[in-house]
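Here is what each chain is made of, one letter per residue.
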Amino acid sequence: MTREEAFERVINVFREVLDDDSIVLTDETVADDVDGWDSFEHINLIVAIEEEFGFKFPMGKIVTMKNVGEMIDIILVSGK
């Protein structure tokens with residue numbers, strides 16, 4: 001899977017979970033940049049991304065991810 005393919009799948013998950021088809025993400029995107037991405041929705045996003053890619057984020061990685069780019073990096077190393 002390419003980085004672009006992973007990114008597109010992540011964008012689709014964000015749009016579905018947050019019910020907003022206008023969401024645009026970049027590597028630098030953080031929660032404060034996306035309406036509705038609060039601590040509760042963060043959990044929903046993590047679970048939905050794990051389901052989409054068929055793996056579990058290591059707990060240590062969940063709490064240290066700084067932005068969407070780091071999330072994509074973890075997916076590419078751990079996911080399918």
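All of these numbers come straight from a predicted model, not from anything done at the bench.

The next subject is helix H4 (residues 68-78). The set of residues buried in H4 consists of Val-68, Gly-69, Met-71, Ile-72, Ile-74 and Ile-75. One side-chain oxygen at the N-terminal end of H4 lies 3.1 Å from the backbone nitrogen of Gly-69; it belongs to Asn-67.

What follows covers the confidence of the model for the protein. As a note on interpretation, predicted positions should not be read in detail where pLDDT is low. Summary statistics for the protein give a mean pLDDT of 94 and a share of 98% for residues scoring 70 or more. Looking across the protein, the model is least confident in helix H3 (residues 59-64), with a mean pLDDT of 87, and most confident in helix H1 (residues 3-17), with 97.

As a further point, take unusual backbone geometry. Positioned with a positive phi, Asp-19 is a non-glycine residue whose angle comes to about 50°. Looking at the secondary structure, you find Asp-19 in the loop between H1 and helix H2 (39-53).

Next up on the list: the pattern of salt bridges. What the rule picks out here adds up to four salt bridges. When the shortest N-O distance is used, the salt bridge between Arg-3 and Asp-27 registers 2.8 Å. Within this pair, whereas Arg-3 is found in helix H1, its partner Asp-27 is found in the loop between H1 and H2, the two being separated by 24 residues in sequence. Judged by relative accessible area, Arg-3 falls into the partly exposed class, the value being 26%.

Basis of the calculations
Residues numbered from 1 in each chain as written. Predicted model: local features only at pLDDT ≥ 70, side-chain atom pairs only at ≥ 80, totals over all residues. Heavy atoms only, no water. Buried < 20%, exposed > 50% of the residue type's maximum accessible area, 1.4 Å probe, protein only. Helix = DSSP H or I, 4+ residues; strand = E, 2+ residues; numbered from the N terminus. Polar contact = N/O pair within 3.5 Å; in protein donor to acceptor, adjacent residues only side chain to side chain. pLDDT = per-residue confidence, 0-100. Salt bridge = Lys/Arg side-chain N within 4 Å of Asp/Glu carboxyl O.

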